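# Coordinates in review
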Amino acid sequence: MTAPVIEVTHPLVQHKLSIMRDKSTPTPLFRQLLKEISQLLAYEITREMPLTTHHIETPMGGMEAPILEGRKLALISILRAGNGLMDGVLELIPTARVGFVGLYRDEETLKPVEYYYKVPKALEERLVIAVDPMLATGNSSVAAIDLLKKSGAKNIRFMCLLAAPEGIARMQEAHPDVAIVTGSIDECLNDVGYIVPGLGDAGDRIYGTT
Ligand code: URA
């Protein structure tokens, strides 16, 4: 069975996303909105995290209080744009362990090449959330998840701001077990692999580069 693709249609996400798409939105506001949306997406992607209970004393007496079960989750940024989603999620889940996957596209083979890889230990025991704002062709996201699986990750979810149908199809073909949470499923890719209507180059818009 293929894991679900969840488009977060919450009005706050959609409103903030529309401001981000607008090409006149300045870098500081773009970055702030990305951080805010990352928290709303994180709320959705962590919805089924298992709970256990722990005895505490409230001022009124004892109770078995729900707390998250198991190892801390692993949050993996696919560089560089993934970093724009990290701070917001870490504010919400400060105990998360953090990893980074850096890939660039070889212009001759068009295949992703790894240039940086550092992830938390015991990935096989953690919920692993890989983040990249744009699921476009899916090539780098699929390659990043290949690497995470090689490191032992078994329970992986993918969080993005925008997804193209082509990228979703690619991800589902390569990694049908990976659920996708996105702020929007856009129309298509253009002929250079950008999402339409999209928001342009996410990295450039986060960091003010061109
Ligand atoms: N990466 C981006 O930053 N934007 C796109 O539209 C596609 C890939």
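Now for a description of the structure that goes with this document. (Residues numbered from 1 in each chain as written. Predicted model: local features only at pLDDT ≥ 70, side-chain atom pairs only at ≥ 80, totals over all residues. Heavy atoms only, no water.)

### Topic: the packing of aromatic side chains
- What the rule picks out here adds up to one aromatic pair.
- Taken together, a centroid distance of 6.3 Å and an interplanar angle of 35 degrees make the contact between Tyr 104 and Tyr 115 tilted. Linking Tyr 104 in strand 5 (residues 97-105) with Tyr 115 in strand 6 (residues 112-118), this pair joins segments that are 11 residues apart in sequence.
- The class of Tyr 104 is partly exposed, set by a relative accessible area of 43%.
- Residue Tyr 115 is classed as partly exposed on the basis of its relative accessible area of 46%. (Phe/Tyr/Trp six-rings, centres within 6.5 Å; stacked < 30°, edge-to-face > 60°. Helix = DSSP H or I, 4+ residues; strand = E, 2+ residues; numbered from the N terminus. Buried < 20%, exposed > 50% of the residue type's maximum accessible area, 1.4 Å probe, protein only.)

### Side note on the site of the ligand
- Neighbouring the ligand are Met 134, Ala 136, Gly 193, Tyr 194, Ile 195, Gly 200, Asp 201 and Ala 202.
- Within the backbone of Ile 195, a nitrogen or oxygen atom sits 2.8 Å from an oxygen atom of the ligand.
- One of the backbone N or O atoms of Ala 202 is found 2.7 Å from an oxygen atom in the ligand.
- Contact with the protein chains removes 83% of the 240 Å² of surface that the ligand exposes when unbound. (Near = heavy atom within 4 Å. Polar contact = N/O pair within 3.5 Å; in protein donor to acceptor, adjacent residues only side chain to side chain. Areas by Shrake-Rupley, 256 points an atom, 1.4 Å probe, with all protein chains shown as cover.)

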